[in-house]
Amino acid sequence: MRLADKVALITGGTSGIGRATAGLFAREGAAVAITGRSEERGREVVAEIEREGGRAIFFPADVRLAEDCRRSVEETVAAFGRLDVLFNNAGVFVANDAIACSEEEWDAQVDTSLKGSFLMSKYALPVMIAQGGGSIVNNSSGWGLVGGDRAVAYCAAKGGMVVMTKAMALDHGPQGVRVNCVCPGDTETPMEHADAEHRGMTWEAYLASASDRPLGRMGDADEVARAVLFLASDEASFITGAVLTVDGGGVAG
């Protein structure tokens with residue numbers, strides 16, 4: 001029960017890594033608030049957690065909108081009384097290079113991952129500081145550390161998250177808030193299946209493309225969730241400004 005008596009807010013918590021993390025956090029004792037744009041999937045995640053005896057609530061929210069971010073934090077505190085962990089997980093990906101990437105695609109990716117993480121943190125930080133501390137984990141990417149093909153907007157957003165994490169760690173460590181980020185590699189989620197389709201690849205071919213990394217396979221959402229849990233918990237009490245790569249060794253070379 002590494003998050004016993006703690007409250008966590010997870011953006012993009014209705015699918016993939018966010019959904020896996022919400023379930024794991026609840027099993028580790030946290031009351032979990034999740035946001036997303038699909039009420040149907042949100043209700044499904046809450047029902048799953050409650051069936052296992054956990055506590056959860058869902059708020060429909062678009063992290064690109066300041067008012068939605070402010071409301072998500074306020075409603076989390078109203079429901080559970082505090083906020084100890086923020087996992088900035090929401091993100092979108094459309095595979096395109098700089099020539100083919102439309103302005104709308106650029107804005108959707110940068111605003112969801114980078115601006116959304118900024119806005120959620122902006123409203124969560126005062127709550128955490130007032131209660132004596134907290135932990136923020138940003139979900140970047142291996143492509144936030146190195147370039148990726150046909151991923152100009154995604155790399156820009158995720159690279160920004162890495163350096164933003166370090167800046168926030170410097171600013172808010174003295175106030176008792178730790179800020180870290182995870183950088184997953186290819187992880188089997190609905191986003192990866194959509195990317196395979198967008199690139200015109202079969203899922204089998206897409207999986208084969210992940211076999212050249214040291215561990216020889218794609219990751220799964222639970223493996224990333226366990227890394228997020230570590231950074232969010234008191235086990236990482238002396239860790240802030242860290243970038244934890246969870247990618248089977250994909251960017252090690």
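Before reading on, note that the structure itself is shown above.
Residues numbered from 1 in each chain as written. Predicted model: local features only at pLDDT ≥ 70, side-chain atom pairs only at ≥ 80, totals over all residues. Heavy atoms only, no water.

> Could you give me a rundown of the overall build of the protein, with the residues and numbers involved?
A count of helical and extended segments in the protein gives eight helices and nine strands. Radius of gyration (C-alpha) of the protein: 17 Å, near the 18 Å computed for a compact globule of 253 residues. Seen along its three principal axes, the alpha-carbon backbone of the protein occupies a region of about 45 × 40 × 35 Å. Per-residue burial over the protein gives 50% buried out of 253 residues. Long-range pairs, those at least 24 residues apart, make up 72% of the contacts in the protein between residues at least 6 apart in sequence. Surface exposure of the protein reaches about 11100 Å², of which carbon and sulfur atoms provide 54%. With 23 positive and 35 negative side-chain charges, the protein shows a spacing of 4 Å between the two charge centroids. (Helix = DSSP H or I, 4+ residues; strand = E, 2+ residues; numbered from the N terminus. Rg over C-alpha atoms; globule rule 2.2 N^0.38 Å. Buried < 20%, exposed > 50% of the residue type's maximum accessible area, 1.4 Å probe, protein only. Contact = heavy atoms within 4.5 Å. Areas by Shrake-Rupley, 256 points an atom, 1.4 Å probe, with all protein chains shown as cover. Lys, Arg positive; Asp, Glu negative; His and termini not counted. Charge placed at Lys NZ, Arg CZ, Asp CG, Glu CD.)

> Explain the packing of helix α4 (residues 103-131) against helix α5 (residues 152-172) residue by residue, including any values.
Viewed as axis vectors pointing N to C, α4 and α5 meet at an angle of 15°, and their least axial separation amounts to 8 Å. Judged by the inter-axis angle, α4 sits roughly parallel to α5. Here the hand of the crossing between α4 and α5 comes out right-handed. Residue-level contacts link W106, Q109, V110, S113, L114, S117, F118, S121, L125 and I129 of α4 to V152, A153, Y154, A156, A157, K158, G160, M161, M164, M168 and H172 of α5. Along the lines of polarity and charge, the residues of the contact of α4 with α5 split into 14 nonpolar, six polar and one charged. (Axes fitted to C-alpha atoms, helices over the stretch in contact; angles between N-to-C directions. Parallel < 35°, antiparallel > 145°, perpendicular 65-115°, else oblique. Left-handed = near helix turned anticlockwise from the far one by under 90°. Nonpolar A, V, L, I, M, F, W, Y, C, P; charged D, E, K, R; others polar.)

> Can you lay out the pattern of salt bridges for me, pointing to particular residues and giving the numbers?
Applying the stated criterion across every chain yields a total of 15 salt bridges. With a shortest N-O distance of 3.7 Å, R2 and E235 are connected by a salt bridge. Of this pair, R2 sits in the segment before β1 (7-10) while E235 sits in the loop between α8 (221-232) and β9 (243-246), placing them 233 residues apart in sequence. The exposure class of R2 is partly exposed, given its relative accessible area of 36%. On the accessibility criterion, E235 (49% relative accessible area) is partly exposed. One salt-bridge network, in which partners are shared between bridges, spans R2, E28 and E235. (Salt bridge = Lys/Arg side-chain N within 4 Å of Asp/Glu carboxyl O.)

> Can you tell me about the nonpolar core, naming the residues and giving the values?
Counting 29 residues, the largest nonpolar core has I10, A22, F25, V32, I34, V137 and V228 as its most contacted members. Among the secondary structure elements, those contributing two or more residues to this core are β1, α1 (16-27), β2 (31-36), α2 (39-51), β3 (55-60), β4 (85-88) and α8. Here this core takes eight residues from α8, the largest share from any one element. Once residues lying within four places of it in the same chain are set aside, the contact partners of I34 are I10, G13, T14, A22, G42, V45, I57, F58 and F59. A33, L83, L86 and A169 belong to the second-largest nonpolar core, a separate cluster that totals 20 residues. (Core = buried A, V, L, I, M, F, W, Y, C linked by side-chain atoms within 4.5 Å.)

> Provide a residue-level description of the pairing of strand β6 (residues 177-184), including the pertinent values.
Of all eight residues making up β6, eight are buried, and the element is well covered by its neighbours. A two-sided burial pattern is seen for β6, the buried positions comprising V177, V179, C181 and C183 on one face and R178, N180, V182 and P184 on the other. With six bridges connecting them, strand β5 (residues 134-139) and β6 associate as parallel partners. Residue V137 lies in a different strand from β6, and its bridge partner there is N180. (Pairing = 2+ DSSP bridges.)

> I'd like a description of the state of the cysteines, backed by residues and values.
Counted by the stated rule, this structure contains zero disulfides. Lacking any disulfide linkage, C101 is separated from the closest cysteine sulfur, that of C155, by 11 Å. We classify C101 as buried; its relative accessible area is 15%. (Disulfide = S-S within 2.5 Å.)

> Please provide a residue-by-residue account of the environment of V46, values included.
Checked against the element boundaries, V46 lands in helix α2. Looking at V46, the relative accessible area reads 12%, which means it is buried. C-alpha separation for the pair V46 and K115, spaced 69 residues apart in sequence, amounts to 26 Å. With near-sequence residues (within four places) excluded, V46 lies in contact with A56, I57 and F58.

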